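Structure assessment
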Amino acid sequence: MRNLYCHYERFRRVLRTVALLSCVTLVSACHQNDASTETSRVPGGDPERGRLLTQQYQCAACHFIPNVQGANGDAGPSLEYMGRLSYIAGGIPNQPENMIRFLQNPPAVKPGTLMPALGISDEEARHMAAYMYTLR
Amino acid sequence: MSTANTAPLSELQSVLHPAGADAAIIHQFSWVLFVGGTIIFVAVMALLALAMRRGMQKDARPVRPMLWIFGGGIVFPVVVLTALLTWSTWRSVELAPQTSHQALTISVTGKMWWWEVRYRDPANGREIVSANEIVIPVGESVYLGLTASDVIHSLWVPALAGKRDMIPGRVTGLNLRADKPGVYRGQCAEYCGEQHARMAFHVIALPRPEFDAWLARQAAPGLAADTQLLQRGRAAFLEQRCQACHTIRGVTDSPENMQQQIADTSRLGPDLTHVGSRRTIGAATLDNHRGTLAGWIADPQAIKPGVFMPPSNDLDGETLRALATYLEHLK
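Residues numbered from 1 in each chain as written. Chains lettered and ligands numbered in written order. Predicted model: local features only at pLDDT ≥ 70, side-chain atom pairs only at ≥ 80, totals over all residues.

**Topic: the overall build of chain B**
Within chain B one finds 8 helices and 12 strands. When the backbone C-alpha atoms are referred to their principal axes, chain B occupies close to 95 × 45 × 35 Å. Within the span of chain B, comprising 331 residues, buried residues form 34% of the whole. (Helix = DSSP H or I, 4+ residues; strand = E, 2+ residues; numbered from the N terminus. Buried ≥ 20, exposed ≤ 12 C-beta atoms within 10 Å, placed from the backbone.)

Listed below in structure tokens is the structure:
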């Protein structure tokens, strides 16, 4: 009987630890999300609007993009860590101005790319670039 | 450009937003069922609770079982079901007769996993083939002649009418009438394989003059490639042998291609003569622009796994962009 009680106590302790850990994970996950929308590396760029624009232009037809709905196609590279890459499009320094230019007219920045210009405006590209830098 | 999040109400695929007379009747049936069912369920639960409470009281009056069994168990259902039967029969008579008589006829063939749509040119009776969009004139009765070429599909536009199965080797029919202009989403309602879920389409209801102008544009051959980029795209289309499955009228059936014995009007894949005029590609899988077209051509298997179109991995970037731009140009 005592043995059984010991087991019960241990089980409860484990359960409590698991619950505590999942709370901590949840809170930190929420915090991470907040942080990513707070700061923007692109002046005048709103990451959340950029995320919605990325969804609207259906960039996910070719790219895997976190938190963007779509087909998660594989014609283009995954954008999962776009924000922390040193170079984009295989050799262009990952600077906000380059990113904005590339989003608006990819073939002009990287001749031969299969990524087409979609008629994205300067303002839209700014928001989208801001979102790209949250993908780290 | 539209996404599901920003679509206007009429684009929702919803039984609860009827836009045609038949859909309105079905809508009314649904609500009578929901509300009536809820009232009866709540009443039965209340009776059950009462019965349990009485069971716990020692000095409760005895119930009269015959009253409840005959009244609640026989008389009540007979009265309610008879009333429902009478009313629903009377309402069903008001549903549009399913006939091609005095209706615009459009043929729709269900395929794995898209819709071939064929119109008749009023000028010369020739067929005009399109895909994944059924354009109809507002306020007119339209008869859809339905069949399937592989497995059973089912056509359903909840805002306009009920479902109708599409069966290989048979022709079934469904009458539609949209009371107001708009875009109504529909989809396959009979499980038909791996990409059943991405087999959707739109019904686009236009005022009659706009419909006539639209049909006249669709009757014309594909727009000429008048810039170097577009010519490059068209050449890529032929070099890649896209015409083995797709037709572009005026291109794949041109004399020089016929001489090379390249298939002229293949029906394996959607007719692309005016693909650029359509709202979506891949049977409402993606919005339609050069970006999504390029992604689709590069690897349709990543976007709609199992679809019969193979990925294209021998096109350089510039050629692929030219091809996507050419297809987008085919308005």
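**Quick look at the sheet that holds strand β6 (residues 153-156) of chain B**
Residue and element names in this part refer to chain B. The mixed open sheet is built from 5 strands, whose spatial order is β4-β10-β9-β6-β7. In this open sheet, the two strands that pair with only one neighbour each are β4 (133-137) and β7 (164-166). Here the average twist between neighbouring strands, direction ignored, is 25°. Bridging between β4 and strand β10 (residues 200-206) involves 5 bridges; their strand directions are parallel. In the sheet register, I136 faces β10, and the bridge partner there is A205. (Pairing = 2+ DSSP bridges. Axes fitted to C-alpha atoms, helices over the stretch in contact; angles between N-to-C directions.)

**Here's the deal with unusual backbone geometry**
Put simply, M112 of chain B and W113 of chain B share a cis peptide bond, and its omega is 0°. Of note, A89 of chain A is a non-glycine position whose phi angle comes to about 50°, a positive value. Note that A89 of chain A resides in the loop between β1 (87-88) and β2 (92-93). The backbone of N132 of chain B sits at a positive phi, close to 65°, despite the residue not being glycine. In this structure, N132 of chain B sits in the loop between β3 (127-131) and β4. Classification of N132 of chain B by C-beta neighbours within 10 Å gives buried; the count is 23.

**Considerations on the interface of chain B and chain A**
With 22 residues of chain B at the interface, the matching set in chain A holds 16 residues. Where the side of chain B that touches chain A is concerned, the elements lending two or more residues are β12 (286-287), α6 (290-298), α7 (300-303) and α8 (317-329) of chain B. With 7 residues, the single largest contributor to the side of chain B that touches chain A is α6 of chain B. Taken together, the residues of the side of chain B that touches chain A break down into 9 nonpolar, 7 polar and 6 charged. (Contact = placed C-beta atoms within 7 Å. Nonpolar A, V, L, I, M, F, W, Y, C, P; charged D, E, K, R; others polar.)

**Observations regarding the sheet that holds β3 of chain B**
Residues and elements named next belong to chain B. Reading across the sheet, the 5 strands line up as β3-β2-β1-β5-β8 and stay open at both edges, with mixed pairing between neighbours. The sheet terminates laterally at β3 and β8 (172-176), the two strands that pair on one side only. Direction aside, the axes of adjacent strands within the sheet are offset by 25° on average. In terms of strand pairing, strand β5 (residues 142-148) meets β8 through 5 bridges, oriented antiparallel. Pairing of G145 across the sheet is with G173, part of β8.

**Some words on the domain arrangement of chain B**
Residues and elements named next belong to chain B. Under the domain assignment, chain B is made up of domain 1 (21-93), domain 2 (104-219) and domain 3 (228-329). For domain 1 and domain 2, the distance between their C-alpha centroids amounts to 40 Å. On the domain 2 side, the residues contacting the 4 residues of domain 1 number 6 residues. Of the residues that constitute the side of domain 1 that touches domain 2, the class distribution is 3 nonpolar, no polar and 1 charged. (Domains from an automatic or database assignment.)

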